[in-house]
Amino acid sequence: QVQLVESGGGLVQPGGSLRLSCAASGFTLDYYAIGWFRQAPGKEREGVSCISSSDGSTYYADSVKGRFTISRDNAKNTVYLQMNSLKPEDTAVYYCATARWCSWYLGGYDYWGQGTQVTVSS
């Protein structure tokens, strides 16, 4: 069974850090680009970051550039999103998803995880 499972979300104060994980089962992540998206209440889902399968190129939304870092550990079949200097506006449910190549187009992604809640608040 193909499955993506996000973890690592939680409540953190502004300026704090979290590391999200996206673990795959039933298939190998090596062959996929992996995107991280987020959706805040009342807002559309938006792209946050992506890492390609071919050369490991990384992409970030302007709103998180310099604060978030995406990486992959193929041996663990897991992709990570390190989030530093978190702001209240980063509060959202974070999802990972697979695609053939990186883009911000939601329709280009095939498999999605169930999401993990990130809340940034004092």
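The structure reproduced in this document is the subject of the present report. These figures come from a predicted structure and were not determined experimentally. Sequence order sets the numbering: in each chain, residues are counted from 1 along the sequence as written. Predicted model: local features are reported for residues with pLDDT of at least 70 only, side-chain atom pairs are reported and counted for 80 or more only, and whole-chain, interface and lining totals are derived from all residues. With hydrogens and water set aside, each side-chain value is computed from the structure's full complement of heavy atoms.

## Digging into the pairing of strand E8 (residues 78-83)
Then step 1. Residue exposure (1.4 Å probe, protein chains only): buried if accessible area is under 20% of the type maximum, exposed if over 50%, otherwise partly exposed. Secondary structure follows DSSP: runs of H or I at least 4 residues long count as helices, runs of E at least 2 residues long count as strands, and numbering of each begins at the N terminus. Burial analysis of E8 places five of its six residues in the buried class, the great majority of the element.
Then step 2. Being paired, for any two strands, means DSSP has found at least two bridges between them. Where strand E3 (residues 18-25) and E8 come together, six bridges link them in antiparallel fashion. In the sheet register, Ala 23 faces E8, and the bridge partner there is Thr 78.
Then step 3. Relative to E8, strand E7 (residues 68-73) runs antiparallel, the two sharing six bridges.

## Let's talk about the sheet that holds E3
Then step 1. Overall, antiparallel pairing links the four strands, which are arranged E1-E3-E8-E7 in an open sheet. The open sheet terminates on both sides in strands that have one partner only, identified here as strand E1 (3-7) and E7. On average, each strand axis in the sheet is tilted by 15 degrees relative to the strand beside it, whichever way the strands run. Helix axes are fitted only over the stretch in contact, all axes being lines through C-alpha atoms; the angle between N-to-C directions runs from 0 to 180 degrees.

## Remarks on the nonpolar core
Then step 1. Residues enter a nonpolar core if they are buried and are Ala, Val, Leu, Ile, Met, Phe, Trp, Tyr or Cys, with the set joined through side-chain atoms within 4.5 Å. Core analysis: the biggest nonpolar cluster contains 27 residues, and Trp 36, Phe 68, Val 79, Leu 81, Met 83 and Tyr 94 have the highest contact counts within it.
Then step 2. Of all the secondary-structure elements, those providing two or more residues to this core are E3, strand E4 (33-39), strand E5 (46-51), E7, E8, strand E9 (92-99) and strand E11 (116-120).
Then step 3. Residue contributions to this core peak at four residues, all from E3.
Then step 4. Two residues form a contact once any of their heavy atoms are found within 4.5 Å. Those residues within four positions of Phe 68 in sequence are excluded, and the remaining contacts are Arg 38, Val 48, Tyr 60, Leu 81, Gln 82, Met 83, Asn 84, Leu 86, Asp 90 and Tyr 94.
Then step 5. Ranked by size, the runner-up nonpolar core spans seven residues in total, among them Phe 37, Cys 50, Ala 97 and Ala 99.

## A closer look at the pattern of salt bridges
Then step 1. Salt bridge, as applied in this entry: a Lys or Arg side-chain nitrogen positioned within 4 Å of an Asp or Glu carboxyl oxygen. Inspection of the entire model under this criterion finds four salt bridges.
Then step 2. The salt bridge involving Glu 46 is made with Arg 38; its shortest N-O contact spans 2.7 Å.
Then step 3. Of the residues examined, Arg 38 reaches a relative accessible area of 6% and is grouped as buried.
Then step 4. Arg 38 serves as the salt-bridge partner of Asp 90, at 2.9 Å between the closest nitrogen and oxygen. Remark: Arg 38 occurs in strand E4 and Asp 90 occurs in the loop between E8 and E9; sequence separation between them is 52 residues. Across this residue pair, the class does not change: Asp 90 and Arg 38 are buried.

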